[in-house]
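Remarks on the overall topology
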Amino acid sequence: MYTQAMDLAPQDERLALQATGDAEREARFEAHVAAGGWVEPKDWMPDHYRRTLVRQISQHAHSEIVGMLPEGNWVTRAPTLERKTILLAKIQDEAGHGLYLYAAAETLGTSRDEMLAALHSGQAKYSSIFNYPTLTWADIGTIGWLVDGAAIMNQVPLTRCSYAPYARAMVRVCREESFHQRQGFSSLLTMMKDGTGEQRAMVQDAVDRWWWPCLMMFGPPDGQSVHGAQSARWGIKRVSNDELRQKFVDACVQQAEVLGVTLPDPDLKWNDARGHWDFGAIDWSEFWRVVGGHGPCNRERLAARVKAWDDGAWVREAALAHAQKQAARAAKTLEAA
Ligand SMILES: [Fe+2]
Ligand SMILES: [Fe+2]
(Lines give C-alpha, C1' and ligand atoms only; values in the text may rest on other atoms or scores of the structure.)
(Ligands and ions follow the chains in the order given, each with its own letter.)
Protein backbone atom coordinates (compact mmCIF):
# COMPACT_ATOMS: atom_id res chain seq x y z
CA MET A 1 0.00 0.00 0.00
CA TYR A 2 2.89 2.34 0.66
CA THR A 3 5.08 1.70 -2.35
CA GLN A 4 5.02 4.20 -5.16
CA ALA A 5 6.55 5.16 -8.45
CA MET A 6 7.35 8.86 -8.41
CA ASP A 7 8.85 9.14 -11.88
CA LEU A 8 9.45 12.70 -12.94
CA ALA A 9 8.01 13.77 -16.26
CA PRO A 10 10.61 13.66 -19.03
CA GLN A 11 12.70 16.84 -19.26
CA ASP A 12 11.48 17.75 -22.78
CA GLU A 13 7.84 17.53 -21.65
CA ARG A 14 8.58 19.89 -18.73
CA LEU A 15 10.32 22.43 -20.91
CA ALA A 16 7.47 22.31 -23.41
CA LEU A 17 5.03 23.06 -20.60
CA GLN A 18 7.05 26.13 -19.59
CA ALA A 19 7.34 27.49 -23.11
CA THR A 20 3.68 27.92 -24.00
CA GLY A 21 1.17 30.69 -23.19
CA ASP A 22 -0.97 30.73 -20.02
CA ALA A 23 -4.30 29.42 -21.38
CA GLU A 24 -2.53 26.74 -23.31
CA ARG A 25 -0.32 25.97 -20.33
CA GLU A 26 -3.36 25.62 -18.14
CA ALA A 27 -4.99 23.23 -20.59
CA ARG A 28 -1.82 21.17 -20.79
CA PHE A 29 -1.50 21.22 -17.02
CA GLU A 30 -5.09 20.00 -16.62
CA ALA A 31 -4.49 17.23 -19.15
CA HIS A 32 -1.23 16.28 -17.44
CA VAL A 33 -2.81 15.88 -13.98
CA ALA A 34 -5.96 14.28 -15.42
CA ALA A 35 -3.70 11.63 -16.96
CA GLY A 36 -2.26 10.97 -13.49
CA GLY A 37 0.95 13.00 -14.01
CA TRP A 38 3.02 14.35 -11.13
CA VAL A 39 3.71 18.04 -10.57
CA GLU A 40 7.13 19.03 -9.26
CA PRO A 41 8.00 22.39 -7.57
CA LYS A 42 9.65 23.95 -10.63
CA ASP A 43 6.88 22.95 -13.04
CA TRP A 44 4.46 25.60 -14.19
CA MET A 45 1.17 25.40 -12.30
CA PRO A 46 -1.97 27.57 -12.14
CA ASP A 47 -2.00 30.04 -9.25
CA HIS A 48 -5.17 28.54 -7.86
CA TYR A 49 -3.58 25.07 -7.74
CA ARG A 50 -0.59 26.53 -5.88
CA ARG A 51 -2.80 28.41 -3.40
CA THR A 52 -5.00 25.37 -2.80
CA LEU A 53 -1.96 23.28 -2.00
CA VAL A 54 -0.36 25.88 0.25
CA ARG A 55 -3.61 26.06 2.20
CA GLN A 56 -4.04 22.30 2.44
CA ILE A 57 -0.42 21.35 3.18
CA SER A 58 0.07 24.12 5.73
CA GLN A 59 -3.19 23.23 7.51
CA HIS A 60 -2.02 19.66 7.54
CA ALA A 61 1.36 20.69 8.99
CA HIS A 62 -0.34 22.84 11.64
CA SER A 63 -2.55 19.89 12.60
CA GLU A 64 0.49 17.70 13.15
CA ILE A 65 2.17 20.09 15.54
CA VAL A 66 -0.99 21.22 17.35
CA GLY A 67 -1.89 17.52 17.74
CA MET A 68 1.23 17.10 19.86
CA LEU A 69 -0.20 19.39 22.55
CA PRO A 70 -3.04 17.27 23.99
CA GLU A 71 -0.80 14.19 23.99
CA GLY A 72 2.16 16.03 25.47
CA ASN A 73 0.00 16.72 28.52
CA TRP A 74 -0.03 12.98 29.24
CA VAL A 75 3.69 12.07 28.98
CA THR A 76 4.27 12.47 32.71
CA ARG A 77 1.09 10.57 33.54
CA ALA A 78 1.53 7.51 31.28
CA PRO A 79 0.86 4.44 33.45
CA THR A 80 4.04 2.48 32.63
CA LEU A 81 7.53 3.21 31.32
CA GLU A 82 6.69 1.29 28.14
CA ARG A 83 3.58 3.40 27.45
CA LYS A 84 5.56 6.56 28.21
CA THR A 85 8.25 5.59 25.68
CA ILE A 86 5.65 4.77 23.06
CA LEU A 87 3.83 8.05 23.62
CA LEU A 88 7.07 10.03 23.41
CA ALA A 89 7.95 8.27 20.15
CA LYS A 90 4.52 9.05 18.71
CA ILE A 91 4.71 12.72 19.67
CA GLN A 92 8.16 12.93 18.14
CA ASP A 93 6.79 11.38 14.93
CA GLU A 94 4.10 14.06 14.80
CA ALA A 95 6.78 16.78 15.06
CA GLY A 96 8.54 15.08 12.14
CA HIS A 97 5.31 15.02 10.14
CA GLY A 98 4.95 18.75 10.72
CA LEU A 99 8.49 19.30 9.45
CA TYR A 100 8.08 17.23 6.26
CA LEU A 101 4.87 19.06 5.52
CA TYR A 102 6.19 22.57 6.18
CA ALA A 103 9.12 21.66 3.91
CA ALA A 104 6.71 20.43 1.21
CA ALA A 105 4.65 23.65 1.48
CA GLU A 106 7.83 25.76 1.27
CA THR A 107 8.55 24.28 -2.18
CA LEU A 108 5.45 26.22 -3.34
CA GLY A 109 7.08 29.53 -2.45
CA THR A 110 5.70 30.22 1.02
CA SER A 111 8.05 30.61 3.96
CA ARG A 112 7.74 28.67 7.17
CA ASP A 113 7.65 31.96 9.11
CA GLU A 114 4.63 33.09 7.08
CA MET A 115 2.81 29.83 7.71
CA LEU A 116 3.52 29.86 11.43
CA ALA A 117 2.51 33.52 11.70
CA ALA A 118 -0.83 32.60 10.10
CA LEU A 119 -1.28 29.78 12.61
CA HIS A 120 -0.35 31.90 15.61
CA SER A 121 -2.63 34.78 14.60
CA GLY A 122 -5.56 32.37 14.36
CA GLN A 123 -5.93 33.04 10.62
CA ALA A 124 -4.87 29.53 9.55
CA LYS A 125 -6.85 26.46 10.51
CA TYR A 126 -5.79 23.12 11.87
CA SER A 127 -7.83 19.95 12.30
CA SER A 128 -10.86 20.63 14.50
CA ILE A 129 -10.31 17.34 16.36
CA PHE A 130 -7.51 18.86 18.42
CA ASN A 131 -9.91 21.32 20.01
CA TYR A 132 -11.36 18.59 22.19
CA PRO A 133 -9.93 17.89 25.66
CA THR A 134 -8.03 14.75 26.75
CA LEU A 135 -9.68 14.01 30.09
CA THR A 136 -8.28 10.57 30.97
CA TRP A 137 -5.53 8.16 29.94
CA ALA A 138 -8.10 6.29 27.84
CA ASP A 139 -8.37 9.41 25.66
CA ILE A 140 -4.76 8.89 24.59
CA GLY A 141 -5.45 5.32 23.44
CA THR A 142 -8.65 6.48 21.75
CA ILE A 143 -6.82 9.24 19.90
CA GLY A 144 -4.38 6.64 18.57
CA TRP A 145 -7.10 4.23 17.57
CA LEU A 146 -9.68 6.65 16.13
CA VAL A 147 -7.95 9.97 15.38
CA ASP A 148 -4.80 8.46 13.88
CA GLY A 149 -7.01 5.79 12.28
CA ALA A 150 -9.06 8.51 10.57
CA ALA A 151 -5.84 10.31 9.62
CA ILE A 152 -4.62 7.16 7.85
CA MET A 153 -7.87 6.91 5.87
CA ASN A 154 -7.47 10.53 4.81
CA GLN A 155 -3.78 10.35 4.09
CA VAL A 156 -3.28 7.10 2.21
CA PRO A 157 -4.97 8.53 -0.92
CA LEU A 158 -2.69 11.59 -0.57
CA THR A 159 0.33 9.39 -1.39
CA ARG A 160 -1.10 9.64 -4.94
CA CYS A 161 -1.73 13.39 -4.79
CA SER A 162 -0.63 15.12 -8.01
CA TYR A 163 1.80 17.43 -6.15
CA ALA A 164 4.77 15.11 -5.80
CA PRO A 165 6.54 16.62 -2.73
CA TYR A 166 3.27 16.28 -0.76
CA ALA A 167 2.72 12.75 -2.01
CA ARG A 168 6.29 11.74 -1.11
CA ALA A 169 5.96 13.17 2.41
CA MET A 170 2.73 11.22 2.85
CA VAL A 171 4.37 7.86 2.18
CA ARG A 172 6.50 8.06 5.30
CA VAL A 173 3.80 9.79 7.33
CA CYS A 174 1.33 6.98 6.60
CA ARG A 175 3.78 4.30 7.72
CA GLU A 176 4.20 6.11 11.02
CA GLU A 177 0.47 6.75 11.41
CA SER A 178 -0.03 3.03 11.16
CA PHE A 179 2.15 2.57 14.26
CA HIS A 180 0.18 5.33 16.01
CA GLN A 181 -3.11 3.61 15.32
CA ARG A 182 -1.85 0.25 16.55
CA GLN A 183 -0.34 1.60 19.76
CA GLY A 184 -3.66 3.27 20.58
CA PHE A 185 -5.61 0.12 19.88
CA SER A 186 -3.19 -1.95 21.94
CA SER A 187 -3.42 0.44 24.88
CA LEU A 188 -7.24 0.26 24.83
CA LEU A 189 -7.19 -3.51 24.41
CA THR A 190 -5.01 -3.87 27.51
CA MET A 191 -7.48 -1.83 29.53
CA MET A 192 -10.50 -3.67 28.15
CA LYS A 193 -9.09 -7.17 28.56
CA ASP A 194 -6.90 -6.92 31.66
CA GLY A 195 -8.29 -3.78 33.29
CA THR A 196 -10.75 -3.16 36.09
CA GLY A 197 -14.42 -2.30 35.56
CA GLU A 198 -13.51 1.30 36.19
CA GLN A 199 -10.86 1.22 33.46
CA ARG A 200 -13.27 -0.38 30.99
CA ALA A 201 -15.80 2.34 31.75
CA MET A 202 -13.09 4.93 31.17
CA VAL A 203 -12.41 3.49 27.69
CA GLN A 204 -16.11 3.45 26.82
CA ASP A 205 -16.47 7.05 27.99
CA ALA A 206 -13.51 8.13 25.85
CA VAL A 207 -14.91 6.34 22.78
CA ASP A 208 -18.31 7.97 23.41
CA ARG A 209 -16.73 11.41 23.38
CA TRP A 210 -14.33 10.94 20.42
CA TRP A 211 -16.45 8.94 17.97
CA TRP A 212 -18.54 11.74 16.46
CA PRO A 213 -15.76 14.34 16.28
CA CYS A 214 -13.67 11.68 14.47
CA LEU A 215 -16.39 11.22 11.85
CA MET A 216 -16.28 15.01 11.36
CA MET A 217 -12.54 14.78 10.61
CA PHE A 218 -13.37 13.76 7.04
CA GLY A 219 -14.94 17.16 6.44
CA PRO A 220 -18.43 18.24 5.38
CA PRO A 221 -20.64 15.97 3.26
CA ASP A 222 -19.63 15.83 -0.41
CA GLY A 223 -22.49 18.10 -1.51
CA GLN A 224 -21.32 20.87 0.87
CA SER A 225 -17.59 20.56 0.38
CA VAL A 226 -16.32 23.84 -1.10
CA HIS A 227 -13.03 22.65 -2.53
CA GLY A 228 -13.95 19.03 -3.27
CA ALA A 229 -14.71 19.03 -7.00
CA GLN A 230 -11.76 21.21 -7.99
CA SER A 231 -9.34 19.24 -5.82
CA ALA A 232 -10.61 16.00 -7.35
CA ARG A 233 -10.08 17.36 -10.86
CA TRP A 234 -6.51 18.34 -10.00
CA GLY A 235 -5.71 14.98 -8.50
CA ILE A 236 -5.19 16.50 -5.05
CA LYS A 237 -8.13 14.65 -3.52
CA ARG A 238 -8.61 11.18 -4.91
CA VAL A 239 -11.38 9.91 -2.63
CA SER A 240 -14.37 11.99 -1.47
CA ASN A 241 -15.12 12.94 2.16
CA ASP A 242 -18.19 10.70 2.36
CA GLU A 243 -16.44 7.70 0.83
CA LEU A 244 -13.56 8.01 3.29
CA ARG A 245 -15.95 8.43 6.21
CA GLN A 246 -17.81 5.27 5.18
CA LYS A 247 -14.57 3.29 4.90
CA PHE A 248 -13.62 4.47 8.37
CA VAL A 249 -16.96 3.46 9.90
CA ASP A 250 -16.79 0.04 8.22
CA ALA A 251 -13.29 -0.58 9.58
CA CYS A 252 -14.08 0.65 13.09
CA VAL A 253 -17.19 -1.47 13.68
CA GLN A 254 -15.16 -4.66 13.55
CA GLN A 255 -12.33 -3.22 15.66
CA ALA A 256 -14.82 -2.01 18.28
CA GLU A 257 -16.14 -5.54 18.52
CA VAL A 258 -12.64 -6.91 19.18
CA LEU A 259 -12.12 -4.27 21.85
CA GLY A 260 -15.50 -4.89 23.42
CA VAL A 261 -16.63 -1.26 23.25
CA THR A 262 -19.92 0.08 21.90
CA LEU A 263 -19.81 2.78 19.24
CA PRO A 264 -22.21 5.49 20.46
CA ASP A 265 -24.63 5.38 17.54
CA PRO A 266 -28.03 3.64 17.85
CA ASP A 267 -28.47 3.90 14.06
CA LEU A 268 -25.35 1.87 13.29
CA LYS A 269 -26.67 -1.02 11.23
CA TRP A 270 -25.28 -3.35 8.55
CA ASN A 271 -26.87 -2.61 5.17
CA ASP A 272 -26.75 -5.69 2.99
CA ALA A 273 -27.83 -3.87 -0.15
CA ARG A 274 -25.05 -1.28 0.15
CA GLY A 275 -22.50 -3.66 1.58
CA HIS A 276 -21.65 -1.04 4.21
CA TRP A 277 -22.62 0.00 7.72
CA ASP A 278 -25.32 2.68 7.89
CA PHE A 279 -24.70 5.28 10.55
CA GLY A 280 -26.62 8.11 12.23
CA ALA A 281 -26.74 11.81 11.34
CA ILE A 282 -23.68 13.89 12.19
CA ASP A 283 -24.25 17.15 14.09
CA TRP A 284 -22.63 19.48 11.59
CA SER A 285 -23.51 22.54 13.68
CA GLU A 286 -20.98 21.28 16.24
CA PHE A 287 -18.35 20.88 13.51
CA TRP A 288 -18.84 24.44 12.23
CA ARG A 289 -18.81 25.78 15.78
CA VAL A 290 -15.45 24.13 16.48
CA VAL A 291 -13.98 25.11 13.10
CA GLY A 292 -15.18 28.65 13.77
CA GLY A 293 -13.05 28.81 16.93
CA HIS A 294 -15.65 27.93 19.55
CA GLY A 295 -14.72 24.35 20.44
CA PRO A 296 -13.91 23.33 24.01
CA CYS A 297 -10.15 23.93 23.69
CA ASN A 298 -9.51 26.27 20.72
CA ARG A 299 -8.17 29.10 22.86
CA GLU A 300 -6.11 26.87 25.11
CA ARG A 301 -4.44 25.07 22.18
CA LEU A 302 -3.53 28.22 20.34
CA ALA A 303 -2.22 29.86 23.50
CA ALA A 304 -0.08 26.77 24.27
CA ARG A 305 1.26 26.77 20.71
CA VAL A 306 2.15 30.49 20.78
CA LYS A 307 3.82 30.05 24.19
CA ALA A 308 5.90 27.14 22.86
CA TRP A 309 6.98 29.33 19.94
CA ASP A 310 7.88 32.26 22.21
CA ASP A 311 9.67 30.04 24.72
CA GLY A 312 11.73 28.55 21.87
CA ALA A 313 12.96 31.95 20.63
CA TRP A 314 16.30 31.57 22.42
CA VAL A 315 16.90 28.20 20.73
CA ARG A 316 16.34 29.70 17.28
CA GLU A 317 18.58 32.66 18.15
CA ALA A 318 21.32 30.38 19.50
CA ALA A 319 21.18 28.18 16.39
CA LEU A 320 21.47 31.26 14.14
CA ALA A 321 24.34 32.70 16.18
CA HIS A 322 26.15 29.36 16.00
CA ALA A 323 25.66 29.14 12.24
CA GLN A 324 26.98 32.70 11.80
CA LYS A 325 30.01 31.95 13.97
CA GLN A 326 30.80 28.86 11.94
CA ALA A 327 30.42 30.72 8.67
CA ALA A 328 32.73 33.50 9.90
CA ARG A 329 35.30 30.92 11.03
CA ALA A 330 35.15 29.15 7.67
CA ALA A 331 35.61 32.48 5.84
CA LYS A 332 38.66 33.29 8.00
CA THR A 333 40.23 29.91 7.30
CA LEU A 334 39.67 30.42 3.58
CA GLU A 335 41.32 33.88 3.79
CA ALA A 336 44.35 32.48 5.59
CA ALA A 337 44.82 29.70 3.05
FE1 LIG B 1 0.91 12.60 12.12
FE1 LIG C 1 -0.26 10.25 14.20
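Residues numbered from 1 in each chain as written. Chains lettered and ligands numbered in written order. Predicted model: local features only at pLDDT ≥ 70, side-chain atom pairs only at ≥ 80, totals over all residues. Heavy atoms only, no water.

1. Concerning the coordination of the iron ion (ligand 1)
A four-donor tetrahedral metal ideally has 109.5 degree angles, and a six-donor octahedral metal ideally has angles of 90 or 180 degrees. Selection rule: Excluding water, the donors of a metal are its N, O and S neighbours within 2.8 Å, or within 3.2 Å for Na, K and Ca, and that exclusion means sites may look incomplete. When four donors show all angles between 85 and 135 degrees the site is tetrahedral, when four or six donors have opposite pairs over 155 degrees and all other angles between 65 and 115 it is square planar or octahedral respectively, and in every other case it is irregular. Numbering of helices and strands runs from the N terminus; a helix is a DSSP stretch of H or I covering at least four residues, while a strand is a stretch of E covering at least two. Any residue under 20% of the maximum accessible area for its type is buried, any over 50% is exposed, and the rest in between are partly exposed; the area is computed with a 1.4 Å probe on protein chains only.
At this site the iron ion (ligand 1) is bound by Glu 64 (OE), Glu 94 (OE), His 97 (ND1) and Glu 177 (OE), with donor distances of 2.0 to 2.2 Å. For the iron ion (ligand 1), the 4 donor atoms are set out with angles of 85 to 146 degrees between them, so the coordination reads as irregular. Of note, the donors binding the iron ion (ligand 1) are all from one chain and are spaced E-x29-E-x2-H-x79-E. In this structure the iron ion (ligand 2) is found 3.3 Å away from the iron ion (ligand 1), and Glu 94 serves as a bridging donor for the pair. Pair noted here: Glu 94 and His 97 are both in helix α5 (residues 81–106), with a separation of 3 residues, about one helical turn. Each of the two residues, Glu 94 as well as His 97, counts as buried.

2. Describing the coordination of the iron ion (ligand 2)
Within the protein, the atoms that donate to the iron ion (ligand 2) are Glu 94 (OE), Asp 148 (OD), Glu 177 (OE) and His 180 (ND1), at distances of 2.0 to 2.2 Å. Coordination at the iron ion (ligand 2) comes from 4 donor atoms whose angles at the metal span 86 to 162 degrees, giving a geometry best classed as irregular. Sequence spacing of the donor residues for the iron ion (ligand 2), all on one chain, is E-x53-D-x28-E-x2-H.

3. What about the side chain of Gln 155?
Here is the rule: Note on contacts: a residue pair qualifies if any of its non-hydrogen atoms lie within 4.5 Å across the two residues.
Relative to the elements of secondary structure, Gln 155 occurs in helix α7 (residues 137–155). Gln 155 has contacts with His 60, Glu 64, Met 170, Val 173, Cys 174 and Glu 177, leaving out every residue within four places of it along the chain.

4. Points about the nonpolar core
Threshold: Buried Ala, Val, Leu, Ile, Met, Phe, Trp, Tyr and Cys residues that are joined via side-chain atoms within 4.5 Å together make up what is termed a nonpolar core.
Counting 79 residues, the largest nonpolar core has Trp 145, Tyr 163 and Phe 248 as the members making the most contacts within it. When residues no more than four places from it in sequence are discounted, the contact partners of Tyr 163 are Val 39, Glu 40, Pro 41, Met 45, Tyr 49, Leu 53, Ile 57, Ala 104, Thr 107 and Leu 108.

5. Overview of the environment of Gly 122
Relative to the elements of secondary structure, Gly 122 occurs in the loop between α6 (112–120) and α7. Taking C-alpha positions, Gly 122 is 47 Å from Leu 334, a pair spaced 212 residues apart along the chain.

6. Regarding the confidence of the model for the protein chain
Definition in use: What pLDDT reports is the predictor's confidence in each residue, on a scale of 0 through 100.
Predicted confidence across the protein chain gives a mean pLDDT of 91, with 94% of residues reaching 70 or more. Note that residues 1–11 has pLDDT below 50 and, in this model, 20 contacts with residues that lie over four places away or in other chains.

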